[in-house]
Amino acid sequence: MQFLIRNKLTLLTFIIGLFTTFITAYKLDQEKHEQIEATLLIQADKIEREIKQSVSELIFIYRWLGDQWLINGQPDRQLRKKQIEKILLNHKHVSAIQWISKDYILEWSEPENEFNSHLGIDLKSFPSLFEELEFAKSTGQAVTQLLPHDGKNDQMFTIYFPLGINEDNAGFISNVIHIDNYFRNIVRLSIDDGYQVSIQANGMDILTFYGDNFVNYRDVATISTGFLGGTITIRVWPTPENLAHLGKSFANYVLIFGSLTTVLVTFITHLLVKSIYQEKKLYKTNIALATQVEERAKAEHNLAQLVEFDKLTGLHNRQALERYLAKLLEDKPNDKHALAIFDLDGFKEVNGVLGHNNGDSLIKRVAQRIQRIIPDSGYIARTGGDEFAIVLPQIDDVEEVSRLLMKIIRAIDSRFVLDGYELYLSGSAGLVISDKDNNNFINLYRSADTALNKAKETGKNKLTVYTPELQIDTAERVELLKRLRKAIARQEFVLYFQPKVDIRNGKCTGAEALIRWVDEELGMIPPNEFIPIAEDSGLIIQIGEWVIEKSCQQLAYWHKLGFRELSVSINLSGKQLQQANLIDLVISNQERYKLPTNKIELELTEQVFIENIDLSTEFMHQIRDRGFSLSIDDFGVGYSSLSYLKHFPVDTLKIDRSFIKNLPDDADDAILAQTIVNLAQNMNLKVVAEGVEEIQQLNYLASQGCFIVQGYLFSKPVSSESFTKFLINQHGHFSAHDEKPSKQA
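Residues numbered from 1 in each chain as written. Predicted model: local features only at pLDDT ≥ 70, side-chain atom pairs only at ≥ 80, totals over all residues. Heavy atoms only, no water.

**Focus: the overall build of the chain**
Right, so step 1: From N to C terminus, the chain includes 24 helices and 26 strands.
Right, so step 2: Burial status across the chain gives 46% buried among its 745 residues.
Right, so step 3: Contacts in the chain between residues far apart in sequence, at least 24 positions, make up 64% of those at least 6 positions apart. (Helix = DSSP H or I, 4+ residues; strand = E, 2+ residues; numbered from the N terminus. Buried < 20%, exposed > 50% of the residue type's maximum accessible area, 1.4 Å probe, protein only. Contact = heavy atoms within 4.5 Å.)

Here you go:
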């Protein structure tokens, strides 16, 4: 007892020291778990922020796409498909993008997959979804909906984006998202190594990332957040190896040596705990600040890339070009600056033949060649599908600029190899130099574009420098367009016909209908002057309808006179192929004038066929199924003269006049003509030679087995009256030695 009393201070010191040691060890252990929890919460926060950022990005993309469709109208399927392919390329978790009409009908789904079986469904028959869509329509906010889960496929959900509010609503864009892929990509992008994750929605696991059991139920961070109109729970815990790394502390050391310490050690320990707490707090603050800085920098970089640069080539886009050029003109108004616009000749045909992936590869190759030539002071942008713009600031010598641009044209006019295909391209360019009349972006760009169009009109693969006279040409085109509109209303057109003759017996087998315009002031206007304007303006649709009707009417008249073996050939343009009622129009005229379908031949040039290959294919099969004849005009000058013949229902090949002109003296033309004739014979196709003007050409073609010809040797195109008169007088026979009906025209 006395020992205890005598050593009570020592014992008290020992007890206080021992108590302090255990308390200190306990607190250090608590601090360890709090630090682990803080680290886990940071990881969970990163996942939560990535989810919210991903949803915001999706809403931004589809709201932007919706605004574009509201302003410009919903694009055609090809452009729409291209836009959707770009979205799907960057968002692998998106399974499909769909369009719901303002009447709540599911009208289309891209790409084609299992969701196409739902097309035509009336979403009003799903009350909960209809209520959500009504809410989106009235508020303009996006809404989400879980899709029914059949237990076989992955769980999915859909986000619906309204285009317009209330009466202005044009419909909804929706996307179908694989929940597992969506959250798995988010976790991979946001979480650090050494952590495991599970995500639950409504008590159901929708993602287990790594999937080990909890190492210690104390070391789990849980966050609940709103998602899909409900709540998702995010749990994050460390792997065993990471937990061992995070769980290091001084508790064991304090426990071993603390029993030998005094109140002073206890006091020092207290200071140490306080220091650790402050360090932990500072650590959390630094981590949060660093995360915010990193996310802000990432968002600013992505926004700059989206606003300023073309995604395919990495070049500046049109908006960036406009800002750059406007500032250049503002800062250096008295200096001369050059703007050139480049365009690839025939790029649309390359896309049609080789596919859009190869087309994109070609665009990147062209961009690289241009970049290698442009000096460091130059500014290059991709302003459209196959269009590039170049700015050369503060120039002194226009000739030097022209030489540089011609160097680019020559670089484009060389060999490209794409996916095993050897391809040769050409490019055209328009150049304008800033001056008092061209001192802003709009005027400069319009002038350069005018020069580019002139380069294409005058042969392509060349550079045209803008002059005021080019603007006058544009004014003349505008005036001619005004006259053309009046000509349609006044019916100022007439049809001329050129016979197709079987040279074995001189019999006229048919006639090609060719339109002529007789203006009351300007007289006869050649087709090559007004047809391009009609196609650009869309007036070719009305003109084409008139040609089809008048051609059928004239053929019916010739049949009534007894010339029932005659057929008529009617030329179609690319614009007409886009006409929804074209087939019905042909059929209605055939039925109206009671004509055999095989006596109406519809002609497509090879260029029109390739430029509109999807429309051409559908049209050709439908029109051939109804018994009409089809021919390919100007055969041999296109990109794929042979590849499509075995797949498409063509009846006749018309050899282009460029191959006939120098027969039989030109050996190359002779071989080409012979090859086309042999090809047609081997494929059981008819063959017609155009532009036959000399008896030597006729004899050569006959020797090769081509017996149907068309050209000035027999007759140039003549009016229907002259053609009819000659049919009656010559009993339907044409001779290269008789008086030609062309002399009567």
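Once you've had a look at it, read on.
**Looking at the environment of leucine 362**
Right, so step 1: Mapping leucine 362 onto the fold places it in helix H11 (residues 356-373).
Right, so step 2: Judged by relative accessible area, which is 0%, leucine 362 ranks as buried.
Right, so step 3: Sequence separation between leucine 362 and leucine 418 is 56 residues, and the spatial gap between their C-alpha atoms is 7.4 Å.

**A look at the environment of isoleucine 363**
Right, so step 1: By the element assignment, isoleucine 363 lies in helix H11.
Right, so step 2: Look past the residues within four positions of isoleucine 363 in its chain and what remains in contact with it is Leu312, Thr313, Leu344, Phe347, Arg382, Gly385, Asp386 and Phe388.

**What about the nonpolar core?**
Here is a general trend for soluble globular proteins: nonpolar side chains tend to be buried in one another's company.
Right, so step 1: With 79 residues, the main nonpolar core has Leu484, Phe493, Leu602, Phe619 and Phe723 as its most contacted residues.
Right, so step 2: The element contributing the most residues to this core is helix H16 (residues 540-560), with nine residues.
Right, so step 3: Counting residues in hydrophobic clusters, the runner-up holds 43 residues, among them Leu163, Tyr195, Val197 and Ile199. (Core = buried A, V, L, I, M, F, W, Y, C linked by side-chain atoms within 4.5 Å.)

**Section: the sheet that holds strand S15 (residues 426-433)**
Right, so step 1: Spatially, the five strands line up as an open sheet ordered S11-S12-S10-S15-S16, and their pairing is mixed. The open sheet has two edge strands with one neighbour each: strand S11 (379-382) and strand S16 (463-465). Averaged over all pairs of adjacent strands, the angle between strand axes in this sheet comes to 20°, irrespective of strand direction.
Right, so step 2: With eight bridges joining them, strand S10 (residues 338-345) and S15 adopt antiparallel strand pairing. Along S15, the bridge assignment pairs aspartate 343 with serine 428.
Right, so step 3: Contacts from H11 reach S10, S11 and strand S12 (387-392), with the element oriented near 15° to S12. (Pairing = 2+ DSSP bridges. Axes fitted to C-alpha atoms, helices over the stretch in contact; angles between N-to-C directions.)

**Remarks on a negative patch on the surface**
Right, so step 1: A cluster of acidic side chains, namely Asp396, Asp397, Glu399 and Glu400, defines a negative patch on the protein surface.
Right, so step 2: The topology assignment puts glutamate 400 in helix H12 (residues 398-412). (Patch = residues over 30% accessible without salt bridge, like charges linked within 9 Å, V, L, I, M, F, W, Y side chains within 5 Å. Areas by Shrake-Rupley, 256 points an atom, 1.4 Å probe, with all protein chains shown as cover. Salt bridge = Lys/Arg side-chain N within 4 Å of Asp/Glu carboxyl O. Lys, Arg positive; Asp, Glu negative; His and termini not counted. Charge placed at Lys NZ, Arg CZ, Asp CG, Glu CD.)

**Examining the pattern of salt bridges**
Right, so step 1: By the definition in use, this model includes 22 salt bridges.
Right, so step 2: Of the charged contacts, one joins arginine 323 and glutamate 308 as a salt bridge, the two residues approaching to 2.7 Å between their closest N and O atoms. Residue arginine 323 is located in helix H9 (residues 318-331), and its partner glutamate 308 is located in helix H8 (residues 263-308); the two are separated by 15 residues in the primary sequence.
Right, so step 3: With its nearest N and O atoms 2.8 Å apart, the salt bridge here joins lysine 654 to glutamate 603. Taken together, the residues lysine 654 in strand S23 (residues 652-655) and glutamate 603 in strand S21 (residues 600-605) connect sequence positions 51 residues apart. Of the two residues examined, lysine 654 and glutamate 603, each falls in the buried class.
Right, so step 4: Where salt bridges share partners, they join Glu512, Glu603, Lys654 and Glu690 into one cluster.

**Considerations on the pairing of strand S1 (residues 94-101)**
Right, so step 1: Among the eight residues that make up S1, eight are buried, leaving the element largely enclosed by the rest of the structure.
Right, so step 2: Sheet topology note: the S1/strand S5 (residues 171-178) ladder contains seven bridges and is antiparallel. Pairing of serine 101 across the sheet is with glycine 171, part of S5.
Right, so step 3: Joining the antiparallel neighbours S1 and strand S2 (residues 106-110) is a turn of four residues, in which tyrosine 104 adopts a positive phi near 70°.

**Looking at the confidence of the model for the chain**
A low pLDDT score tells you not to read the predicted coordinates there in detail.
Right, so step 1: When pLDDT is averaged along the chain, the result is 80; 84% of the residues meet or exceed 70.
Right, so step 2: Considering each helix and strand of the chain separately, the mean pLDDT is smallest for helix H1 (residues 2-6), with a value of 46, and largest for strand S25 (residues 708-710), with 93.
Right, so step 3: Within the model, pLDDT remains below 50 along residues 2-10, and this stretch shows two contacts once partners closer than five positions in the same chain are excluded.
Right, so step 4: For residues 737-745, every residue scores under 50 in pLDDT, and the model assigns this stretch 19 contacts once sequence neighbours within four places are set aside. (pLDDT = per-residue confidence, 0-100.)

**What to know about the side chain of threonine 383**
Right, so step 1: Tracing the backbone shows threonine 383 in the loop between S11 and S12.
Right, so step 2: Look at threonine 383 and you get buried, because its relative accessible area is 15%.
Right, so step 3: Within polar-contact distance, the side chain of threonine 383 engages the side chain of glutamate 387 at 2.9 Å.
Right, so step 4: At 3.2 Å, the side chain of threonine 383 forms a polar contact with the side chain of tyrosine 445. (Polar contact = N/O pair within 3.5 Å; in protein donor to acceptor, adjacent residues only side chain to side chain.)

**Things to note about the packing of aromatic side chains**
Right, so step 1: The final tally for this structure, using the stated rule, is 16 aromatic pairs.
Right, so step 2: Taken together, a centroid distance of 5.0 Å and an interplanar angle of 80° make the contact between tyrosine 104 and phenylalanine 130 edge-to-face. Remark: phenylalanine 130 occurs in helix H4 (residues 127-139) and tyrosine 104 occurs in the loop between S1 and S2; sequence separation between them is 26 residues.
Right, so step 3: For tyrosine 104, a relative accessible area of 5% puts it in the buried group.
Right, so step 4: Chaining the aromatic ring pairs together yields one cluster made of Phe493, Trp517, Phe530 and Trp546. (Phe/Tyr/Trp six-rings, centres within 6.5 Å; stacked < 30°, edge-to-face > 60°.)

**Details of helix H23 (residues 695-703)**
Right, so step 1: All buried positions along H23 are accounted for by Gln697, Leu698, Tyr700 and Leu701. For H23, the buried positions fall inside an angular range of 165° around the axis, keeping them on one side.
Right, so step 2: Buried residues belonging to H23 abut helix H21 (657-660), helix H22 (667-682), strand S24 (686-690) and S25.
Right, so step 3: Looking one or two places after H23, you find glycine 705, whose phi comes out positive at around 95°. (Arc of directions from axis to C-beta.)

**Overview of the packing of H16 against helix H18 (residues 582-592)**
Right, so step 1: The interhelical angle for the contact between H16 and H18, taken along N-to-C directions, is 25°, at an axis separation of 9 Å. Put simply, H16 runs roughly parallel to H18. H16 and H18 meet at a crossing whose hand is right-handed. For the pair H16 and H18, contact is made by Glu545, Ile548, Glu549 and Cys552 and by Leu582, Leu585, Val586, Asn589 and Arg592, respectively. (Parallel < 35°, antiparallel > 145°, perpendicular 65-115°, else oblique. Left-handed = near helix turned anticlockwise from the far one by under 90°.)

**Considering a nonpolar patch on the surface**
Right, so step 1: On the surface, Val494, Val518 and Met524 cluster together to form a nonpolar patch covering roughly 220 Å² of accessible area.
Right, so step 2: Inspection of the secondary structure puts methionine 524 in strand S19 (residues 523-525).
Right, so step 3: For methionine 524, a relative accessible area of 43% gives the class partly exposed.

**Observations concerning H9**
Right, so step 1: The end-to-end C-alpha distance of H9 is 20 Å, a good match for the 20 Å that 14 residues give at a rise of 1.5 Å each.
Right, so step 2: Looking only at H9, the buried set comprises Ala320, Leu321, Leu325, Leu328 and Leu329. For H9, the arc enclosing every buried residue in end-on projection is 155°, short of the 170-degree limit, so these residues lie on one face.
Right, so step 3: Capping the start of H9 is the job of one residue whose side-chain oxygen sits 3.3 Å from the backbone nitrogen of glutamine 319: asparagine 317. (Expected span 1.5 Å × (residues − 1).)

**Concerning the sheet that holds S2**
The strands making up a sheet associate through hydrogen bonds between their backbones, and the pairing can be parallel or antiparallel.
Right, so step 1: The sheet built from five strands is open, its strands ordered S2-S1-S5-S4-S3 with antiparallel pairing. Only two strands of the sheet have a single partner each, and these edge strands are S2 and strand S3 (143-146). Going across the sheet, the axis of each strand differs from the next one's by a mean of 25°, ignoring polarity.
Right, so step 2: Against the sheet, helix H3 (residues 77-90) engages S1 and S2, with an angle of about 55° to S2.
Right, so step 3: Strand contacts of helix H5 (residues 179-190): S3, strand S4 (156-163) and S5, with the helix running at about 75° to S5, the strand carrying the most contacts.

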